[in-house]
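# Structural features, examined
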Amino acid sequence: MDLATITAGMKERVEAKPAFGNTVKFDFGDAGKIHIDGKNGNAVTNDDGPADCTLKIALSDFVDMVEGRLNGMNAFMGGKLKVDGDMSIAMKLQSIIG
């Protein structure tokens, strides 16, 4: 699964939900980024804009999380997922990612 496929899937899921009021960035390192602007209608882009919460994770680990092979809490506790910013915002993302 590549960044374009993940971005398209994220866009579909996010736009189907009410705006959640925060900005979030998924930082996949050299593989790219996904930015969700939950303050302005849940816009999903690959921009590297500022965010209330940034989740840093390898793209392969993110794919494993989405496909159910890696638990988000285990990824966080094991150092595969790092959260910068408001942790409560990261918790809201379960409904979008899963």
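Each chain has its residues counted from 1, running along the sequence as written. With the structure being a predicted model, the display of local features is reserved for residues of pLDDT at least 70 and the display and counting of side-chain atom pairs for 80 or more, all residues being used for whole-chain, interface and lining totals. Calculated side-chain values reflect all of the structure's heavy atoms, with hydrogen atoms and water omitted.

### Here we look at the pairing of strand 2 (residues 33–37)
Counting buried residues along strand 2, 5 of its 5 residues qualify, which places the element largely inside the surrounding structure. Under the scheme applied here, a residue whose accessible area is under 20% of the maximum for its type counts as buried, over 50% as exposed, and between as partly exposed, the area being computed with a 1.4 Å probe on protein chains only. Under the scheme used here, helices are H or I runs from DSSP no shorter than 4 residues and strands are E runs no shorter than 2 residues, and both carry numbers assigned from the N terminus. Neither face of strand 2 is exposed, since Lys 33, His 35 and Asp 37 on one face and Ile 34 and Ile 36 on the opposite face are all buried. When DSSP finds at least two bridges between two strands, those strands are taken to pair. Bridge count for strand 1 (residues 23–27) against strand 2 is 5 bridges, and the pairing is antiparallel. Each bridged residue has a counterpart across the sheet, and for Thr 23 the counterpart in strand 2 is Asp 37. Hairpin connection, strand 1 to strand 2: the antiparallel pair is bridged by 5 residues, and Gly 29 has positive phi, about 65°. Summarising the sheet, strand 2 and strand 3 (residues 43–45) pair through 3 bridges and their orientation is antiparallel. Residue Ile 36 lies in a different strand from strand 3, and its bridge partner there is Val 44.

### Some words on the sheet that holds strand 1
Spatially, 5 strands are ordered 3-2-1-4-5 in an open sheet, and the strand pairing comes out mixed. Looking at which strands have only one partner, the edges of the open sheet turn out to be strand 3 and strand 5 (81–85). Neighbour-to-neighbour, the strand axes of this sheet turn through a mean angle of 15°, independent of strand direction. Helix axes use the C-alpha atoms of the stretch in contact, all axes being lines fitted to C-alpha atoms, and the angles between their N-to-C directions lie in the range 0 to 180 degrees.

### Considering the packing of helix 1 (residues 3–15) against helix 2 (residues 59–66)
At a minimum axis distance of 12 Å, the contact between helix 1 and helix 2 shows a crossing angle of 40°. When the axis of helix 1 is compared with that of helix 2, the two are oblique. Here helix 1 runs over helix 2; the crossing is left-handed. Residues Leu 3, Ile 6 and Met 10 of helix 1 pack against Leu 59, Phe 62 and Val 63 of helix 2. Here the term charged refers only to Asp, Glu, Lys and Arg, the term nonpolar to Ala, Val, Leu, Ile, Met, Phe, Trp, Tyr, Cys and Pro, and the term polar to all other amino acids, Gly among them. Residues belonging to the contact of helix 1 with helix 2 are distributed by class as follows: 6 nonpolar, no polar and no charged. Any angle from 65 to 115 degrees is called roughly perpendicular, while one under 35 is roughly parallel, one over 145 is roughly antiparallel, and all others are oblique. Each crossing gets its hand from how the near helix is turned against the far one by less than a right angle, where anticlockwise is left-handed and clockwise is right-handed. Every residue pair with non-hydrogen atoms within 4.5 Å of one another is taken to be in contact.

The values reported here are purely geometric and, on their own, carry no functional implication.
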